[in-house]
Amino acid sequence: MIQIDALPAFTDNYIWLLQDPSSKRCAVVDPGDAAPVLGWLEQHPDWQLTDILVTHHHHDHVGGVAQLKQATGARVLGPAAESIPARDVALVDNDRINVLGLDFDVYAVPGHTLGHIAFYHAQTPAPLLFCGDTLFAAGCGRLFEGTPEQMHHSLGRLTELPDSTLVYCTHEYTLSNLRFAQAVEPHNTDIAERLAQVSQWRSENRISLPSNLALERLTNPFIRTHETSVKEKADERTGTSNPSPSAVFAALRAWKDKF
Ligand code: ZN
Ligand code: FE
């Protein structure tokens, strides 16, 4: 059974550390900084880093890759469509890779960046999703390179995954995302409850991740664009009728950028 821990980096990044206790091999996702990973490896000298998974090219996700590869010889797997330091395996949509004995499906999820990918392992009872800066807890990534339509489509693909899917995103943005979610849906009690819960956790400096897709379906406005109340709020903001969930998504994303 794989164990997953978060190594904090910078102010609000998490480097996900996947550990296989039976073989004492581990893998990391999006090591923007090598130091937290090297520190962990120093404290666990009998463990070997075998794989480095990368979701997209931003510095806070790849900044530690070259140094980690040099120090450990780990294999670097990342999107084919982006420039990734020291990449060994260039991944495209629907590729399947094996990491620590687990099969992961690769999904192209353009929007935050154009080549952004996500990694999905379909285990029961709780599948694993490493989605970088695409789907966040109660939010989604900014559109640096892609269009709202692309991101809306990418999120739609991720939300086809089972309710029980654990969502391992890269940033601790949950609290500010929930404040925005509450502005969009002031009468949504699931959002209010989650906001109270996450406020409590964050006041104790506890991590708010992983999330799961069931909870995201109830509280994440960016995947609730089909809800009448969300559409009406988006219409109120834009002063027009947003005719499609994708247009509602675009209105929400533009609003959130200035929130
Ligand atoms: Zn990013
Ligand atoms: Fe990031």
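Before reading further, recall that the structure is shown in the block above.
Quick caveat: nothing in here was measured; it's all calculated off a predicted structure. (Residues numbered from 1 in each chain as written. Chains lettered and ligands numbered in written order. Predicted model: local features only at pLDDT ≥ 70, side-chain atom pairs only at ≥ 80, totals over all residues. Heavy atoms only, no water.)

(A) Layout of the overall build of the protein chain. When its secondary structure is counted, the protein chain shows 9 helices and 14 strands. Each principal axis of the C-alpha distribution contributes one length, and for the protein chain these read about 60 × 40 × 35 Å. Looking at the protein chain residue by residue over its 259 residues, the buried ones come to 52%. When contacts within the protein chain are restricted to residue pairs at least 6 apart in sequence, those whose partners lie at least 24 apart make up 59%. By element, 50% of the accessible surface of the protein chain is carried by carbon and sulfur atoms, the whole surface being about 11000 Å². Each charge class in the protein chain was averaged separately, 20 positive and 31 negative side chains, and the resulting centres sit 3 Å apart. (Helix = DSSP H or I, 4+ residues; strand = E, 2+ residues; numbered from the N terminus. Buried < 20%, exposed > 50% of the residue type's maximum accessible area, 1.4 Å probe, protein only. Contact = heavy atoms within 4.5 Å. Areas by Shrake-Rupley, 256 points an atom, 1.4 Å probe, with all protein chains shown as cover. Lys, Arg positive; Asp, Glu negative; His and termini not counted. Charge placed at Lys NZ, Arg CZ, Asp CG, Glu CD.)

(B) Looking closely at the coordination of the iron ion (ligand 2). Protein-derived coordination of the iron ion (ligand 2) comes from Asp60 (OD), His61 (NE2), Asp133 (OD) and His171 (NE2), at a distance range of 2.1 to 2.4 Å. Of note is the iron ion (ligand 2), whose 4 donor atoms meet at the metal with angles of 83 to 171° in an arrangement that counts as irregular. When the donor residues of the iron ion (ligand 2) are listed from N- to C-terminus, their spacing reads D-H-x71-D-x37-H. Between the two metals, the iron ion (ligand 2) and the zinc ion (ligand 1), the spacing is 3.1 Å, and Asp133 donates to both. Here the residue Asp60 occupies a position in helix 2 (residues 59–62), and His171 occupies one in the loop between strand 13 (166–169) and helix 5 (174–184), the gap between them amounting to 111 residues. (Donors = N, O, S within 2.8 Å, 3.2 Å for Na, K, Ca; no water. Tetrahedral: all angles 85-135°; square planar, octahedral: opposite > 155°, others 65-115°.)

(C) Inspection of helix 1 (residues 35–43) at higher detail. The set of residues buried in helix 1 consists of Val37, Trp40 and Leu41. The buried side chains of helix 1 occupy one side of the element, clustering within an arc of 100° when seen end-on. Exposed side of helix 1, more than 90 degrees from the buried face: Glu42 and Gln43 are the residues found there. Where helix 1 is buried, its residues touch strand 1 (3–9), strand 2 (13–20), strand 3 (25–29), strand 4 (48–53) and helix 3 (65–72). (Arc of directions from axis to C-beta.)

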